[in-house]
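Listed below, chain by chain, are the residues.
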Amino acid sequence: MLICDTHADTLYALQDNARGEGAPLHVTLASLTQHPQDTRVQAMALWTGTEGLLGKDMGLINREMESLESLLSQGFRQVRNLSEALAGEANILLTVEGGEVFEGGLQTVDAFAVWGVRIAAIVWNNENPFACPAMGASDKGLTPLGRKLVARMNERHMAVDVSHLNAAGVRDALRVSRAPIIATHSCAHALCDHPRNLTDEQLTAIFDMGGYVGVNFYPTFLSPTGEADIDTVIDHVAYMTELGGGKHIGMGSDFDGIESTPKGLANAGDVYALFARMRARGFSEEAVGDFAGENFRRYLAKL
């Protein structure tokens, strides 16, 4: 089985001195390789930080790249295409979270593409020269420079991630992008009224254009009470499936970037319990396989 997770903050967690040496991670070599017959692909984000690489966040990307090198020395493998992923190995797909990495000019998109970045969110929770975040009050869409950034990403076969983008920005991305867009770690707004979640209209538009949504495991995004278990995750999967997303959804756990996890999903190794519960709730083996990784494989092939 191909198993893909489109978002984790493991690279940031590894370089975060405040985390404490030896503090447990959600994503580890052991958790990704416990079933050697399966092909695991874990997307890991280069996060730009709360200040967009300024002030205390200066040098953050370099430290995260050092974290990547550390993981590679431990036995992880970086892949640029899913065809390169090997069964029984911990395969890393590199992504970007925060368009500030591109402020040096659109040519920087080319540099990150060379480094293997396949997906980039053009905004995090702070406004930048390209767009405004969902966690804010702005109704401004993509800036002219933001639209040029989307075009450059299309040229470099880099997916446009709208998980942190505000509503106007999502509308613009849907209209401007020549390739299907992705929300790497978002949930259904209809089930949990949170600014980071996607409305029915947004979900349907993403599905209709052949895009992809990774379901986030953060309980705050899953449930209005902030309490969640495996069934809560599956409720979002089922809801998106009913909207027409059966071939366009998967996992976007947000592991190592969330303070709590759903009961029964404590780390990357627990996704097998999620698949088992999906089967118990009536999802077919094909539907489970699609959600686990096949949908993401087909999505990347469209870029």
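These notes cover the structure that comes with them.

How each quantity is defined
- Residues numbered from 1 in each chain as written.
- Predicted model: local features only at pLDDT ≥ 70, side-chain atom pairs only at ≥ 80, totals over all residues.
- Heavy atoms only, no water.
- 1 Å grid on protein atoms, 1.4 Å probe; cavity = no way out; pocket = protein on both sides within 12 Å on 5 of 7 lines; lining within 4 Å.
- Points joined across faces, edges and corners; volume = space filled by probe spheres on them.
- Nonpolar A, V, L, I, M, F, W, Y, C, P; charged D, E, K, R; others polar.
- Helix = DSSP H or I, 4+ residues; strand = E, 2+ residues; numbered from the N terminus.
- Buried < 20%, exposed > 50% of the residue type's maximum accessible area, 1.4 Å probe, protein only.
- Arc of directions from axis to C-beta.
- Contact = heavy atoms within 4.5 Å.

Quick look at the layout of surface pockets now. Where empty space is left can be seen by rolling a probe of water-molecule size over the atoms. In this structure, the largest pocket spans a volume of roughly 500 Å³. Forming the boundary of the largest pocket are 25 residues, of which Asp9, Asp254, Gly257, Ile258 and Glu259 lie nearest the centre. Of the residues that constitute the lining of the largest pocket, the class distribution is 10 nonpolar, 7 polar and 8 charged. Empty space within the second largest pocket amounts to approximately 150 Å³. Lining the second largest pocket are 14 residues, and of these Ala134, Ala167, Pro195, Asn197 and Gln202 sit closest to its centre.

On to unusual backbone geometry, then. A positive phi angle is found at Asp254, which is not glycine, with a value near 70°. Its place among the elements puts Asp254 in the loop between β9 (249-251) and α10 (271-280). Assessed through its relative accessible area of 7%, Asp254 is described here as buried. One non-glycine residue, Asp256, lies in the positive phi region at around 65°. Following the sequence through the fold, Asp256 ends up in the loop between β9 and α10.

This brings us to helix α7 (residues 200-208). Those residues of α7 lying buried are Gln202, Leu203, Ile206 and Phe207. Down the axis of α7, the sector holding all buried residues measures 130°, keeping them to one side. Turned more than 90 degrees away from the buried face of α7, the exposed residues are Glu201 and Asp208. Elements that come into contact with the buried residues of α7 comprise α6 (167-176), β8 (212-215), α9 (230-245) and β9. Looking one or two places after α7, you find Gly210, whose phi comes out positive at around 85°.

Purely geometric numbers; function is a separate question.
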